[in-house]
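Here is how the chains run, residue by residue.
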Amino acid sequence: MRKRTLFRLATATVATGAAALAYASLVERNMFTLRRFDVPVLPAGTEPLRVLHLSDLHMTPNQVRKQHWVASLAALDPDLVVVTGDNMAHPEAVPGVLRALQPLLDYPGAFVFGSNDYTGPVWKNPFSYFLPDREYTEGVELPSEELRDVLIGAGWADLNNRRSTVKAGGRAIDMAGVDDPHVERDDYTAVAGPVSASADLSIALTHSPEPALLDEMAADGFALLLAGHTHGGQVCVPGVGALVTNCGLPRSMAKGLHRWPGSDAWLHVSAGLGTHPTAPVRFACRPEASLLTLIPR
């Protein structure tokens, strides 16, 4: 009787695990979701400004459903589009990325890159994400310059270790960004300095939300900090949340809108729209884009 009970328990456990894996790989990773947040960063008496935040597409050529869904976000009529990196996951991904972004290129925009805009993903043990000092391994070279040229050609601001004033929604926005800190491509000293007193708003971008970098951005007076990279944990425990962020950010901030500690700045971390190609699963963490409605304080 005891052996029979243990066998039934083991069978039920395996079946539950198989069902969860099937759901995570076949269903939830394709449940693209639009999140909406109000962010109080504008001066009193000013009109709201709508920012569409995209991140971590990790696009491969055959992901047509994702491409169509992202393209449909143009119907939101945003004032500004911001992309915080990891657009590609395949050497031939640029056409798919552009099919997704093409309708959005008609709007003012800005971008930074992530590591997976430069080199492709390689297989890794998922449990290695729990090791903070694991070695980073580069994959095949990706056509980052091809993608960069198209985005710049559309008028979007390249904020990889750069700073620019972007006009959107009738406002002048002081924007700064860094290349990906996750692979030590960031150089905040190249863009550091107090926000412009003549700007109507200030926004800073990074792919990986490293706390030391966010502290510097907030200290310079940037009102809104935008990042991706974490995938929101990608595989989360209901009621617990993310188990890992793959950076120095606390797990409680793995996705969503948060007040950055010790400052007046707001941080929005996108859980992103894709997955690592060798781990194409999401559980309790749907792929997402975010519409941030900036409102008066």
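You'll find the structure just up there.
Here we summarise the structure given alongside this text. Keep in mind that this is a model prediction, so the values were computed, not measured.

Description of the overall build of the protein chain
The helix and strand inventory of the protein chain stands at five helices and 14 strands. Taking all contacts inside the protein chain whose residues are at least 6 apart in sequence as the whole, residues at least 24 apart take part in 73%. Accessible surface, the protein chain: about 13,400 Å² in total, of which carbon and sulfur atoms supply 56%.

Re the environment of Ser263
Among the secondary structure elements, Ser263 is positioned in the loop between strand S12 (256–259) and strand S13 (266–269). Between the C-alpha atoms of Ser263 and Gly221, which are 42 residues apart in sequence, the distance is 8.6 Å. Within the structure, Ser263 has its side chain in polar contact with the backbone oxygen of Trp260 (distance 3.0 Å). A polar contact of 3.1 Å, which involves the side chain of Ser263, links it to the backbone nitrogen of Ala265.

Side note on the sheet that holds strand S1 (residues 33–42)
Across a sheet, strands are paired by hydrogen bonds formed along the backbone, either parallel or antiparallel in direction. Strand order in the open sheet formed by six strands is S1-S14-S2-S3-S4-S5, and the pairing between neighbours is mixed. Both outer strands of the open sheet, S1 and strand S5 (157–158), are each paired with one neighbouring strand and no more. As judged from the four bridges shared by strand S2 (residues 49–54) and strand S3 (residues 80–83), these two strands associate in the parallel manner. Counterpart to Val51 in the pairing with S3 is Leu80.

Considerations on the packing of helix H2 (residues 64–72) against helix H3 (residues 94–101)
Look at H2 against H3: their axes get within 6 Å of each other, and the N-to-C directions meet at 30°. Between H2 and H3, the residues in contact are Gln67, Val70 and Ala71 and Gly96, Arg99, Ala100 and Leu101, respectively. Of the residues contributing to the contact of H2 with H3, the split by class is four nonpolar, two polar and one charged.

Observations regarding H3
For H3, the buried fraction is high: six of the eight residues fall into the buried class. By the burial criterion, the buried members of H3 are Val94, Gly96, Val97, Leu98, Ala100 and Leu101. Each element contacted by the buried residues of H3 is listed here: S2, H2 and helix H4 (144–153).

Thoughts on the pairing of S2
Of all six residues in S2, five are buried; the element is thus mostly enclosed. Across five bridges, the pairing between S2 and strand S14 (residues 288–296) is antiparallel. Paired with Val51 across the two strands is Leu292, which belongs to S14.

Thoughts on the packing of aromatic side chains
Applying the stated criterion across every chain yields a total of three aromatic pairs. Aromatic pair Phe111 and Phe113: ring centres 5.3 Å apart, planes at 40°, arrangement tilted. On the basis of relative accessibility, which here comes to 1%, the residue Phe111 falls in the buried class. Overall, the relative accessible area of 0% leaves Phe113 in the buried class. Members of the aromatic cluster, joined through ring pairs, are Phe111, Phe113 and Tyr118. Stacked on the ring of Tyr118, the Lys or Arg Arg185 has its end atom at 3.5 Å from the ring centre.

Things to note about the sheet that holds strand S6 (residues 162–168)
Spatially, the six strands line up as an open sheet ordered S6-S7-S8-S9-S13-S12, and their pairing is mixed. Each having just a single partner strand, S6 and S12 make up the two edges of the open sheet. Averaged over all neighbouring strand pairs, the angle between strand axes comes to 25°, with direction disregarded. Taken together, the four bridges between S12 and S13 define a ladder with antiparallel strand orientation. Looking across to S13, one finds that Arg259 is bridged to Trp266.

Re the state of the cysteines
For the coordinates displayed, the defined rule picks out zero disulfides. We note that Cys285 lacks a disulfide partner, and the nearest cysteine sulfur, in Cys236, lies 4.2 Å from it.

Digging into the environment of Thr60
The residue Thr60 is located in the loop between S2 and H2 in this model. Along the primary structure Thr60 and Pro277 are separated by 217 residues, whereas in three dimensions their C-alpha atoms are 8.5 Å apart. With near-sequence residues (within four places) excluded, Thr60 lies in contact with Gln67, Ala89 and His90. In this structure the side chain of Thr60 is engaged in a polar contact, spanning 3.0 Å, whose partner is the side chain of Asn62.

Calculation notes
- Residues numbered from 1 in each chain as written.
- Predicted model: local features only at pLDDT ≥ 70, side-chain atom pairs only at ≥ 80, totals over all residues.
- Heavy atoms only, no water.
- Helix = DSSP H or I, 4+ residues; strand = E, 2+ residues; numbered from the N terminus.
- Contact = heavy atoms within 4.5 Å.
- Areas by Shrake-Rupley, 256 points an atom, 1.4 Å probe, with all protein chains shown as cover.
- Polar contact = N/O pair within 3.5 Å; in protein donor to acceptor, adjacent residues only side chain to side chain.
- Pairing = 2+ DSSP bridges.
- Axes fitted to C-alpha atoms, helices over the stretch in contact; angles between N-to-C directions.
- Nonpolar A, V, L, I, M, F, W, Y, C, P; charged D, E, K, R; others polar.
- Buried < 20%, exposed > 50% of the residue type's maximum accessible area, 1.4 Å probe, protein only.
- Phe/Tyr/Trp six-rings, centres within 6.5 Å; stacked < 30°, edge-to-face > 60°.
- Lys NZ or Arg CZ within 6 Å of the ring centre and 35° of its normal.
- Disulfide = S-S within 2.5 Å.

All we've got here are geometric facts, nothing functional implied.
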